[in-house]
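Structural description and commentary
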Amino acid sequence: MLRRCICAENRKLHASPIWLMFLILPIISAGYGTFNYLQNLEILTDGWYSLWTQHTLFYSLFFYPAMVAAYAAYLWRLEHMGHNWNLIMTAPVKPMCLFTAKFVVVAKLALLTHAFVFVLYVFCGRVFAHFSGWPPIELPLFLIRGALGALAVIAAQLVLAMIIRSFAVPIFLGLLGGIVGLFISSKGYALLWPYALMQMGMNTLGNWSDQRLFENTPIPYVTSLPEFPETKKKIFRDFPDVLSDEYKENAKNNAKALAARKDDPMMIGYFLRNEPSWAFVDNLVLADEVLYNPERTVCKEKLIAALKEKYQTVEALNTAWNTKFNDFDDLYQPIRDASAKSEAAKEDQKTFSKEMLRAYVEIPSKACREVDPNHMILGMRWAWISDPDLATGWENFDVFSINCYAVDPTEAISHVVELGVDLPVMIGEFHFGALDTGLSATGLEGVLTQKDRGKAYRYYCERVAAHPNGVGCHYFQCYDQFILGRFDGENYNIGLFDICSRPYQDMASYVKQCSEAMYEIADGTKVPIDEKAESIPMIAY
């Protein structure tokens, strides 16, 4: 029955005046788009892509909605004549069958319209814009995605045309919808809709994003190793017994979680972990913690074995370290600040600390590479470089990451480079908050107003782009925190949106400006802005 209904709807199109509209409106749209492109060559410098923006601007907002409405109204026109609805209601045809047939035919017309628009686009590009070659392959894919997205519009227009007997009113409503959509976008209200981040120019979903977005959003993303390897015995805070077999086995087991996304082309890479708490202590000597910790760890066994191998006798060790051990077994007793006892002790402890750090980084990195060789390892997201030795093992990463809450990240990125890290540097977290929206805390960097938040964002990001090693920075976070606080009490005004998904318009404007300038700044053809925000003391927990 559905097939017969589709054939009946197709017959309505034979010698139909609808084909005249099919031919004329896309030609007018292409003419407007091409003319607008040729009049703005000084700013539309991206070839086929720039011409595409002008063609689709007019087509998608003005012509296409009206054409879909006309297709739908035309297919219902016969039913609205005379008493034809009575005949239809008594015919042995299910209403859903009739509606579905019309839906299929309008969808076919819409797809043909898209194809014709693309032919006109290529023709204008070759003949009037004098482009060589052919458009990028993703552009026809954009059209296909547009056709899929239009299915909801087709269904809505068919419902309107079914209810409204007038042929003109549904077409007017379709055109009005396009104009309203343009108005909404121009006023920034489009940011209330899905893909608001893309409209701001954001190009990545940052760490801790809802994983459901990875399958449903056309934005590349980063993620984290779900669980960093641990051991039952710890050296200091969350630093594991890295030289143990337990650490190696746990690293292999934890890396298996990467298998599910190892072939996802939208995934940029993954962080191994975030802000290890043991690294919050400036100039920490891990080997000192090994000797101070009463646990008989594998790291302690290997440190003592290394000292035995180097000094051979406890007397030689005592001389070098300025200690009074009776036997090497005395090293199993808690010893505080061993590296402070002499220069030799400091050298020994720092050397072994580096060995531990290398194992800390290298063992999970290699385990992850075995499971997922396709994506980049983005580092550890250090809260800050609390000791130069934190750079140890950087060769195992593809990108070195730090979190940097500051007005200007240039010094932090340069410090990583000065430590000998020959990698791009990514900033995993930064933010700016104000007190003018009702929330009582600014977060880790405070500014005066929402406009200042936008200024601070742009100033920060453009300096990352301008740095030779800067490869990206991820804003934390998308939404404000709840007024009553999250699990640890944080209730910061740090979002691009409030908790009702309303964008902060002043900040959104600066984010978009920054996104538009970012790549020119990165390639050196444009300089970062000098406009700074007005800072205030932070309020954070």
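Before any of the text, the structure's been laid out above.
What this report covers is the structure whose coordinates are included nearby.

Here is what the cut-offs are and how they apply
- Note that residues are indexed from 1 along each chain, following the sequence as it is written.
- pLDDT decides what is reported in this predicted model: residues at 70 or higher carry local features, side-chain atom pairs at 80 or more are listed and counted, and totals for whole chains, interfaces and linings draw on all residues regardless.
- Side-chain measures were taken over the full set of non-hydrogen atoms in the model, leaving aside hydrogen atoms and water.
- Counting from the N terminus, the helices are DSSP H or I runs at least four residues long and the strands are E runs at least two residues long.
- Only protein chains enter the area calculation, which uses a 1.4 Å probe; residues under 20% of their type maximum are buried, those over 50% are exposed, and those in between are partly exposed.
- Pairs of residues are marked as contacts when any of their non-hydrogen atoms sit within 4.5 Å.
- Note on areas: these come from Shrake-Rupley sampling with a 1.4 Å probe, and a residue is covered only by the protein chains present in the view.
- Positive charge is attributed to Lys and Arg, negative charge to Asp and Glu, and no charge count is given to His or to the chain ends.
- Here the site of a charge means atom NZ of a Lys, CZ of an Arg, CG of an Asp or CD of a Glu.
- Ring geometry is summarised as follows: Phe, Tyr and Trp rings, the Trp one being its six-membered ring, pair when their centres sit within 6.5 Å, and such pairs are stacked at plane angles under 30 degrees, edge-to-face over 60 and tilted between the two.
- Consider the ring centre and the ring normal. A charge sits over the ring if Lys NZ or Arg CZ is within 6 Å of that centre and within 35 degrees of that normal.
- In short, DSSP must find at least two bridges between two strands for them to pair.
- Between the N-to-C directions of two axes lies an angle of 0 to 180 degrees, each axis being a line fitted to C-alpha atoms and, for a helix, fitted only over the stretch in contact.
- The term salt bridge refers to a side-chain nitrogen of Lys or Arg lying within 4 Å of a carboxyl oxygen of Asp or Glu.
- Think of a patch as exposed residues, more than 30% relative accessible area, with no salt bridge, where like charges cluster within 9 Å and nonpolar side chains (Val, Leu, Ile, Met, Phe, Trp, Tyr) cluster within 5 Å.
- Angle categories: roughly parallel below 35 degrees, roughly antiparallel above 145, roughly perpendicular from 65 to 115, and oblique for all the rest.
- Here a crossing is called left-handed whenever its near helix is offset anticlockwise from the far helix by less than a right angle, and right-handed whenever the offset is clockwise.
- This arc is taken over the directions from the axis of the helix to the C-beta atoms.
- What we call a nonpolar core is a set of buried Ala, Val, Leu, Ile, Met, Phe, Trp, Tyr and Cys residues that are connected through their side-chain atoms within 4.5 Å.

**A word on the overall build of the chain**
Along the backbone of the chain there are 17 helices and ten strands. Seen through its C-alpha atoms, the chain measures out along the principal axes to roughly 110 × 55 × 55 Å. Out of the 541 residues belonging to the chain, those deemed buried represent 49%. Contacts spanning at least 24 positions in sequence make up 71% of the contacts within the chain whose residues lie at least 6 apart. Here the chain displays about 27,000 Å² of accessible surface, and carbon together with sulfur accounts for 60% of that area. Between the centroid of the 48 positive side chains of the chain and the centroid of its 59 negative side chains there is a distance of 11 Å.

**Describing the packing of aromatic side chains**
In this structure the tally under the stated criterion is 28 aromatic pairs. Ring geometry for tryptophan 278 versus tyrosine 360: centroids 5.5 Å apart, planes at 90°, classification edge-to-face. Of this pair, tryptophan 278 sits in the loop between β4 (267-271) and α11 (286-292) while tyrosine 360 sits in helix α14 (residues 343-371), and the two are 82 residues apart along the sequence. For tyrosine 360, a relative accessible area of 0% corresponds to the buried category. Both rings, one in phenylalanine 430 and one in phenylalanine 432, keep their centres 6.1 Å apart while their planes meet at 70°; by these two values the pair is edge-to-face. Residue classification places phenylalanine 430 among the buried positions, given a relative accessible area of 1%. Cluster of aromatic residues (ring-pair linked, three or more members): Tyr37, Trp48, Trp52, Phe118, Tyr121 and Phe131. Across the ring face of phenylalanine 228, the terminal group of arginine 273 is positioned such that the distance to the ring centre comes to 5.2 Å. Taking NZ or CZ as reference, arginine 296 lies 3.6 Å from the ring centre of tyrosine 332, over its face.

**Notes on the sheet that holds strand β5 (residues 376-377)**
Across the sheet, three strands lie side by side as β1-β4-β5; this open sheet has parallel pairing. Both edges of this open sheet fall to β1 (221-224) and β5, since each of them pairs with a single strand only.

**Focus on the sheet that holds strand β7 (residues 425-427)**
The strand order across the open sheet built from three strands is β6-β7-β9, with neighbouring strands paired in parallel fashion. Looking along the sheet, the strands with just one partner apiece sit at the ends: β6 (400-402) and β9 (470-473). This sheet shows a mean twist of 20° between the axes of neighbouring strands, independent of strand direction. Where β7 meets β9, three bridges bridge the pair, whose relative direction is parallel.

**A look at the side chain of glutamate 445**
Structurally, the position occupied by glutamate 445 is in the loop between β7 and β8 (446-447). Although glutamate 445 is buried, it forms no salt bridge, and the closest oppositely charged side chain is lysine 532 at an N-O distance of 10 Å. Not counting residues within four places of it along the chain, the set of residues in contact with glutamate 445 comprises Tyr405, Ala406, Val407, His431, Phe432, Gly433 and Met538.

**Describing a nonpolar patch on the surface**
Judged by side-chain polarity, Leu160, Val169, Phe172, Leu173, Leu176 and Val180 come together as a nonpolar surface patch covering roughly 450 Å² of accessible area. The element contributing the most residues to the nonpolar patch is helix α7 (residues 168-186), with five residues. With respect to the helices and strands, the residue valine 180 is situated in helix α7.

**A word on unusual backbone geometry**
Geometrically, the link from phenylalanine 476 to glutamine 477 is a cis peptide bond, its omega value of 20° lying close to zero. Along the chain, glutamine 477 falls in the loop between β9 and α17 (505-522). Its identity as a non-glycine residue notwithstanding, histidine 130 has a phi of 60°, on the positive side. Positionally, histidine 130 belongs in the loop between α5 (95-127) and α6 (138-163). Here aspartate 337, not a glycine, exhibits a phi torsion of approximately 50°, which is positive. With respect to the helices and strands, aspartate 337 occurs in the loop between α13 (314-321) and α14.

**Thoughts on the packing of helix α1 (residues 2-11) against α5**
Interaxial distance between α1 and α5 falls to 8 Å at its minimum, and their mutual angle equals 50°. Classified by the interaxial angle, the pair formed by α1 and α5 is oblique. Where α1 crosses over α5, the handedness of that crossing is right-handed. Where α1 abuts α5, its residues Leu2, Cys5, Ile6, Glu9 and Asn10 lie against Cys97, Leu98, Thr100, Ala101, Lys102, Val104, Val105 and Lys108.

**Re α13**
Looking only at α13, the buried set comprises Val314, Leu317, Asn318 and Trp321. An end-on view of α13 places all buried positions within 100° of arc, on one side of the element. Set apart from the buried face of α13 by more than 90 degrees, the exposed residues are Glu315 and Thr319. On its buried face, α13 sits against α11, α12 (298-311) and α14. Looking at the residues trailing α13, positive phi occurs at asparagine 322, about 65°.

**Things to note about the nonpolar core**
Counting 97 residues, the largest nonpolar core has Trp278, Tyr360, Trp382 and Phe400 as the members making the most contacts within it. Take this core: its biggest share by element is ten residues, from α14. Not counting chain neighbours up to four residues away, the residues in contact with tryptophan 382 comprise Glu275, Pro276, Trp278, Ala279, Tyr360, Leu390, Phe400, Ser401, Ile402 and Asn403. In this structure, Ile18, Phe22, Tyr64 and Ala161 belong to the second largest nonpolar core, which totals 37 residues.

**A short note on the pairing of β4**
Summarising burial for β4: four of the five residues are buried, a large majority. Two strands pair when backbone bridges link them, and β1 and β4 are joined in this way by four bridges, in the parallel orientation. Each residue of the ladder has a partner; that of tyrosine 221, found in β4, is methionine 267.

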